[in-house]
Amino acid sequence: MHRLAALLLALLALPLAASPRIRHTINEQWRFAPGEIEAAHEPAFDDSSWQRVNLPHTWNAADAFDKTVRYRRGPGWYRKSLTLDPALKGKRLFLYFEGANQVAGVHVNGRHAGQHIGGYTAFVFDVTELVVLDAPNVIAVRVDNSHSDDIPPLNADFTFYGGIYRDVWLIAASPTHVTVTDHASPGVFISTPEVSAARAVVRIRGSVSNHGGRAARLRVVNRILDAAGVEVAALRSNLTVRAGASAAFDQRSPVIERPSLWSPDDPYLYRVRTEVYDGNELVDALENPLGFRWFSVDPDRGFTLNGRTLKLYGTNRHQDYPGFGNALGDDLHRHDVRLVKETGFNFLRLAHYPQDPAVLHEADRLGLVVWEEIPIVNIISTSAAFAENSERMLVEMIRQHYNHPSIVFWGYMNEVLLRKPDPVPDRYYEIVPELTRRLEARTRAEDPSRLTVMALSFDEVGNDYGIGDVPHILGLNLYFGWYYHRDDFGALGSFLDRVHAERRRPIIVSEYGAGTDERVHTTRPVAFDFSSEHGQNFHAASFPQLEARPFVLGTGVWNHFDFGSAGRQDTKFGLNQKGLFFYDRTPKDTVFYYQAALLDQPVLYIAREWSERAGSRPEDRRQPVWVYTNQPEVELFVGGRSAGVRKVENRTARWEVVLADGANSIRARAGSFEDRITIVYSDRTGGSFHAVNAGAHYAHLDEAHVYWEPDREYVPGSWGHVGGKAARTHHRIFATKEDPLFQASREGMEHYQCDVPDGTYEVTLGFAATAARAFSVHTNGLNTAVALTPHTAMTRTLLVEARDGAGIRIEFTGEASIAAIMIRQP
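Since this is a predicted model, take the numbers as computed values, not measurements. (Residues numbered from 1 in each chain as written. Predicted model: local features only at pLDDT ≥ 70, side-chain atom pairs only at ≥ 80, totals over all residues. Heavy atoms only, no water.)

**Quick notes on the sheet that holds strand 7 (residues 111-117)**
Reasoning step 1: On the basis of which strands lie adjacent, the open sheet formed by six strands has the order 3-2-4-9-6-7 and antiparallel pairing. In this open sheet, the two edge strands, each paired with only one partner strand, are strand 3 (51-53) and strand 7. If you compare each strand with its neighbour and ignore which way they point, the axes differ by 25 degrees on average.
Reasoning step 2: Of the pairings in the sheet, the one linking strand 6 (residues 103-108) to strand 9 (residues 137-144) comprises six bridges and is antiparallel in character. (Pairing = 2+ DSSP bridges. Helix = DSSP H or I, 4+ residues; strand = E, 2+ residues; numbered from the N terminus. Axes fitted to C-alpha atoms, helices over the stretch in contact; angles between N-to-C directions.)

**A closer look at the nonpolar core**
Reasoning step 1: In this structure, I380, L478, L496 and Y594 are the most contacted members of the largest nonpolar core, which totals 104 residues.
Reasoning step 2: Setting aside anything within four residues of it in sequence, one finds L496 in contact with L476, L478, V509, L546, R549, F551 and V552.
Reasoning step 3: By size, the runner-up hydrophobic cluster in this structure holds 30 residues, among which are L84, F97, A100 and V108. (Core = buried A, V, L, I, M, F, W, Y, C linked by side-chain atoms within 4.5 Å. Buried < 20%, exposed > 50% of the residue type's maximum accessible area, 1.4 Å probe, protein only. Contact = heavy atoms within 4.5 Å.)

**Examining the packing of aromatic side chains**
Reasoning step 1: Going through the model one piece at a time under the given rule, you end up with 41 aromatic pairs.
Reasoning step 2: What links up through ring pairs into an aromatic cluster is the set Y313, F345, F543, Y593, Y594 and Y628.
Reasoning step 3: A cation over an aromatic ring shows up here: R585 above the ring of F561, its NZ or CZ 4.2 Å from the ring centre.
Reasoning step 4: Seen from the ring of W719, R712 lies directly overhead, with NZ or CZ sitting 3.9 Å from the centre. (Phe/Tyr/Trp six-rings, centres within 6.5 Å; stacked < 30°, edge-to-face > 60°. Lys NZ or Arg CZ within 6 Å of the ring centre and 35° of its normal.)

**Some remarks on the environment of P448**
Reasoning step 1: Tracing the backbone shows P448 in the loop between helix 5 (428-446) and strand 27 (451-457).
Reasoning step 2: Once the C-alpha coordinates of P448 and S510 are considered, the two residues, 62 residues apart in sequence, prove to be 22 Å apart.

**Some points on helix 9 (residues 590-598)**
Reasoning step 1: Taken across its nine residues, helix 9 has nine buried, putting it largely inside the fold.
Reasoning step 2: Listed in full, the buried residues belonging to helix 9 are T590, V591, F592, Y593, Y594, Q595, A596, A597 and L598.

**Quick notes on the packing of helix 4 (residues 384-401) against helix 5**
Reasoning step 1: Contact pair helix 4 / helix 5: the axes reach a minimum separation of 10 Å and the direction vectors enclose 25 degrees. It follows from the interaxial angle that helix 4 and helix 5 lie roughly parallel. Both helix 4 and helix 5 take part in a crossing whose hand is right-handed. Counted together, F386, A387, E388, S390, E391, L394, V395, I398 and R399 of helix 4 and L435, R438, L439, R442, T443 and E446 of helix 5 form the full contact between these two elements. (Parallel < 35°, antiparallel > 145°, perpendicular 65-115°, else oblique. Left-handed = near helix turned anticlockwise from the far one by under 90°.)

**Focus: the sheet that holds strand 10 (residues 168-173)**
Reasoning step 1: Taken together, the four strands give an open sheet; going across it, the order is 1-10-5-8, and neighbouring strands pair in antiparallel fashion. Only two strands of the sheet have a single partner each, and these edge strands are strand 1 (22-25) and strand 8 (123-126). Along the sheet, successive strands turn relative to each other by an average axial angle of 20 degrees, direction set aside.
Reasoning step 2: Relative to strand 10, strand 5 (residues 92-97) is paired through six bridges, and the arrangement is antiparallel.

**Focus on the pattern of salt bridges**
Reasoning step 1: Applying the stated rule across the entire model yields 59 salt bridges.
Reasoning step 2: A salt bridge links D739 to K67; the nearest nitrogen and oxygen atoms lie 2.5 Å apart. Here K67 lies in the loop between strand 3 and strand 4 (75-82) and D739 lies in helix 10 (residues 739-743), a separation of 672 residues in the sequence.
Reasoning step 3: Among the salt bridges present, the one from R585 reaches D336, with a minimum N-O distance of 2.7 Å. With R585 in the loop between strand 33 (573-576) and helix 9 and D336 in helix 2 (residues 330-342), this residue pair connects regions lying 249 residues apart in the sequence. (Salt bridge = Lys/Arg side-chain N within 4 Å of Asp/Glu carboxyl O.)

**Describing the pairing of strand 28 (residues 473-477)**
Reasoning step 1: Of all five residues in strand 28, five are buried; the element is thus mostly enclosed.
Reasoning step 2: Judged by which residues are buried, strand 28 turns out to be covered on both faces: I473, G475 and N477 on one side and L474 and L476 on the other are all buried.
Reasoning step 3: Here strand 28 pairs with strand 29 (residues 507-512) via four bridges, running parallel. The residue bridging N477 from the neighbouring strand is E511, located in strand 29.
Reasoning step 4: Remark: the strand 28/helix 7 (residues 491-503)/strand 29 crossover connection has right-handed handedness. (Right-handed = clockwise from strand over helix to strand, strands pointing away.)

As structure tokens, this is what we get:
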């Protein structure tokens, strides 16, 4: 009997017949030109001078990060010559675009195939009647990322890259096939109306289109296959589809006993293979993922998955990458999702738009609970077209990604009351709730099986005109210790307690984070200094408060990766720097705090962003070192000598150690686990080299690995300022890459004094100011006239003599502002 059962299982797992449907990318050998180009859609148009590109492609990969220009938003044209295999004769042919931002018009051989509005969902056009098989075909696509009051997003803290930035596919299907053109959906919609650990029932619905010349009597078979490819159920329907028409099918499976459940810990995936037969001939086949899971939310107990409470710890993700803009290949998308999982997270919010299909497939495979949303961000337009485009984007998102078990939440607004139109239109605060209710109703009609959510900011919660009560779940974007309550991290928890008591809604903290720069370091971190240390303090203070509140069903760090935000003027122009990873996907130290908090495997990591340091006083040699770990205690060794054992609190152990001049070997040990780094310390006491970050409380490590010490008052025997005040700007600084160095200045000082030994010195002075200034600098008798252009770095280098033990004295006449001082012997 066992041998018979094994034989039956082997037969059930035999390879399935190949699908008659052909699907392949056509990403290579396109031509691109920016701007509005007359007759560019015509087949005879000469595009030989255009740039050769492969897709995915954006025209904003560079200019979105250029301080000197506004990144280009406008039209661009793509053209491709496509020769089709004559064997495709008789097939229905479709062009499927995964994404083009934000209005795309497609032409084939000079004829209009269709237009799509919206930059983040897929679209497909039937081009069967437009193509030829006996000659090359010319595909021309006009893409326009210009602002439009009728198309969301209108305003957002991310870059609106233009271009065909996702894959383009050619699909060739039999004349009778699962419908392709239903909002570019897979044409098959899978749900689980009954599911438990004991049993499950699957509902599969869709439609079949018949482009043949006669009515077709068809069989639709949906096979449910387990992870090994074994068929566990088959659903069958007979359809009669008139020529030129479509017909729907709606099937329910028999009970599936003891289904393997999908969860973050065990993301078990089934597949549904949909087959269409005309008689005994297989005319179409495709596959979709299936995961068995059920979930609920409660205002007090939070999120429940498969009958068990599950706290969602996670992050947000934007889709761009250095050198590529948003035009990423699938491998980079998948790599991002893996980094999210490897951090220890079980939740991912796709902010603030639907993302590449590769992201959803990888989230299914790895086990991440997903919140996906449409790009209504900060503000809305009151036009009827804006509402219609928003609803259509919502429908496209839901239908295209309906079958992914990872998706649990559909979102449709983010901080929509954060920005206010000027002037505020009539009925604006009535129209916003009307649009909210419209999108909520459409979401529930399209997919009643999932939960709805929106995100509000701290400033909106007090008066949201009722919109926060419309979805199932209220998302909160909270930045205590960054944008507000800058000196009080603990205000986060008390605020959440108040909202919970007042709103009695399921709550998820959808955003929290702080910007950092690996070049900026300080022992006195404060909000908006962008120091690595403030960012780490922010997370170490915020996360335990979120952990401790069971009514907070989930959390989302903002953001997993630094991302492009054209026009942002923090310490790195054009970037939002709140990521746990730098833009190039190098992990920040904070990643390992979260790994220590969330991973079961041992974590032991010495924080190492601050691995180059310097000081010009004996006391500067005493420096902080800290370790992130999930072990109970850690011993630290400096240069082979023990610095002591520390008990671990909040995944962190800290030491103050004395560093020697040069390379310092740092080793942490917890049981059998070790981590090692090297901290290089430059002891400048009594020396002839100094680099001062004037006006700043933080150190700056520049591209040449020069460590610019924080400014300080003059003390005899050392260096420092006499008088003046510190000034800081967050404006971009032109003519330099070292923005943190020039964003801080000291103004109105009497002089700087540096007590160096007698000798000849090269003195480099760096200047910047927020307004035009002219003043004079007097350095040991040498006079320098300085005229500053606003927000532009300027340097002057002088050779000066220090004599008679007087050191170097830098004096100022006029409305002076200085950002940097370097003193060295040539």
